[in-house]
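# Working through the structure, step by step
Single-letter residue listing:
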Amino acid sequence: MSNLDYLKLAFNSVGWFIPPYVQLGYLEQVAHQIDESKICERTLANHLTQIYSPENLAAMVSERYHSVPYVNEYCETIAECVEAHFLGLNHIAVSGLMPVIEGAGRKLADSRSVQVTSIKSVFQNLAADCKIDVITNSIGAVGEIVSMMDAFIEFTDNNLYINSNSYPLSDNTNRHGILHGAFSDADYGEPLNFFKSIGAIDFLCFVSALRAPISCFAPSPTEASNKLAAYYWLCVQLGKRKPTAANKAMHATSA
């Protein structure tokens, strides 16, 4: 039974996990560069932009999020957060996704009759239940899916839901610090925070697909997604043209 534990070790070391809907070859390239210290947590975002591009996220927004059980209850919120990201409003994009991760995670756990005692246990126990399901019923590439579940457990335990005072990396993609107001503007609000957060949403889509009649692969582009991607590219340009007073760079310039 082949696994992806080498990807798990590499990605967890930079505060990430094994994302679904991404070609294995690309993930292997990134993991290799992490192992060679050519990518660290500070430069990871440069490589995630290819995964969470306007085209790829447009396909997820127009073709996937609205059709995934439990995640679809938040599809409008997710779409607004994606739009905010491309406008350069990452504080809003990230803080909007945090409740979605928690809400969809709890609903998925409940749908599987998974017992939970805390927010951490939602993802620990949900992933553990998925592992049992995949192994028992030989669902998909068993070893690879098990590695993905283990990587996500480590991400939620050591990053997303760790005590904000103990967050080990500089990006501060941490639910408690963000939603409880322990982190100020300067502490987060970068694209990397968004990439990790939307990646967690995608992971929950993958979990839902283990039982729902939806694909475990990324959606193909459609006419609708192409139009939405074009709009996202306009958002990127608008974000770059924001008045200085609307951009946090003003504070760095005047400091």
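You'll find the structure just up there.
This write-up is about the structure you can find in this document. Every value quoted in this text rests on a predicted model; they were computed, and no experiment measured them. Counting from 1, residues in each chain are numbered in the order their sequence is written. The predicted origin of the model limits local features to residues at a pLDDT of at least 70 and limits the giving and counting of side-chain atom pairs to 80 or more, whereas totals for whole chains, interfaces and linings rest on all residues. To get the side-chain values, all heavy atoms of the structure are used, and hydrogens and water are removed first.

Here the focus is unusual backbone geometry. In terms of backbone geometry, most residues other than glycine have negative phi values and most peptide bonds are trans. A positive phi angle, near 75 degrees, is found at tyrosine 70, a position not held by glycine. Mapping tyrosine 70 onto the fold places it in the loop between α4 (54-63) and α5 (75-86). Of note in the backbone geometry, serine 138 takes a positive phi value of approximately 50 degrees without being a glycine. Helix and strand labels come from DSSP, where a helix needs a run of H or I of at least four residues and a strand needs a run of E of at least two; each type is numbered from the N terminus. Position of serine 138 relative to the elements: it lies in the loop between α7 (119-137) and α8 (142-160).

Here the focus is the layout of surface pockets. Considered as a void within the structure, the second largest pocket measures approximately 420 Å³ in volume. Space inside and on the surface of the protein is sampled on a 1 Å grid over the protein atoms alone, with a cavity defined as a set of points where a 1.4 Å probe fits but cannot get out and a pocket as an open set with protein on both sides within 12 Å along at least 5 of 7 lines; lining residues have an atom within 4 Å of a point. Lining the second largest pocket are 20 residues, with Glu144, Met148, Phe206, Cys216 and Phe217 positioned closest to its centre. Mapped onto the lining of the second largest pocket, the elements with two or more residues apiece are α2 (24-35) and α8. Of all the elements, α8 adds the most residues to the lining of the second largest pocket, at three residues. Residue polarity follows a fixed list, in which Ala, Val, Leu, Ile, Met, Phe, Trp, Tyr, Cys and Pro are nonpolar, Asp, Glu, Lys and Arg are charged, and the others, Gly among them, are polar. Per-class residue counts for the lining of the second largest pocket are 17 nonpolar, two polar and one charged. Grid points are joined across faces, edges and corners, and a volume is the space filled by probe spheres set on the points.

Membership of the largest hydrophobic core comes to 84 residues, with the highest contact counts inside it found for Phe11, Trp16, Tyr65, Ile78 and Ile198. Residues count as neighbours in contact if any of their non-hydrogen atoms are within 4.5 Å of one another. In this structure tryptophan 16 touches Phe11, Leu27, Leu44, Leu48, Ile51, Tyr52, Phe155 and Lys196, once residues within four positions along its chain are discounted. Grouping buried Ala, Val, Leu, Ile, Met, Phe, Trp, Tyr and Cys residues that are joined through side-chain atoms within 4.5 Å yields what is termed a nonpolar core. Residue exposure (1.4 Å probe, protein chains only): buried if accessible area is under 20% of the type maximum, exposed if over 50%, otherwise partly exposed.

Summarising the element assignment, serine 53 is placed in the loop between α3 (45-51) and α4. Here the alpha-carbon distance between serine 53 and alanine 141, two residues 88 residues apart in the chain, equals 26 Å. In protein, a polar contact requires one atom able to donate a hydrogen and another able to accept it; more generally it is a pair of N or O atoms within 3.5 Å, and residues adjacent in sequence count only if both atoms are side-chain atoms. A polar atom in the side chain of serine 53 sits 3.2 Å from the backbone nitrogen of asparagine 56.

Time to look at the pattern of salt bridges. Whenever Lys or Arg places a side-chain nitrogen within 4 Å of a carboxyl oxygen from Asp or Glu, that contact is recorded as a salt bridge. Using the criterion set out here, one finds eleven salt bridges in the structure. Between lysine 227 and glutamate 223 there is a salt bridge, with its nearest N and O atoms 3.6 Å apart. Of this pair, lysine 227 and glutamate 223 both sit in helix α11 (residues 223-240), four residues apart, roughly one helical turn. As far as the burial class goes, lysine 227 and glutamate 223 line up, both exposed.

Any two cysteine sulfur atoms lying within 2.5 Å of each other are counted as a disulfide. With the rule as written, the count across this model stands at zero disulfides. Of the cysteine sulfurs around cysteine 81, a residue in no disulfide, the closest is that of cysteine 75, at 12 Å. Note on cysteine 81: relative accessible area 5%, which makes it buried. With no disulfide of its own, cysteine 130 lies closest to cysteine 216 among cysteine sulfurs, the gap being 11 Å. Judged by relative accessible area, cysteine 130 falls into the buried class, the value being 0%.

A few words now on empty space enclosed by the protein. Overall, the coordinates contain one cavity of 30 Å³ or more when judged by the stated rule. Looking at the largest cavity, its volume works out to about 30 Å³. Together, Phe123, Leu126, Ala127, Phe152, Phe203, Leu204 and Val207 line the largest cavity. Of all the elements in the fold, those that place two or more residues in the lining of the largest cavity are α7 and α10 (191-209). In terms of residue class, the lining of the largest cavity is made up of seven nonpolar, no polar and no charged.

That's the geometry; what it means functionally is another story.
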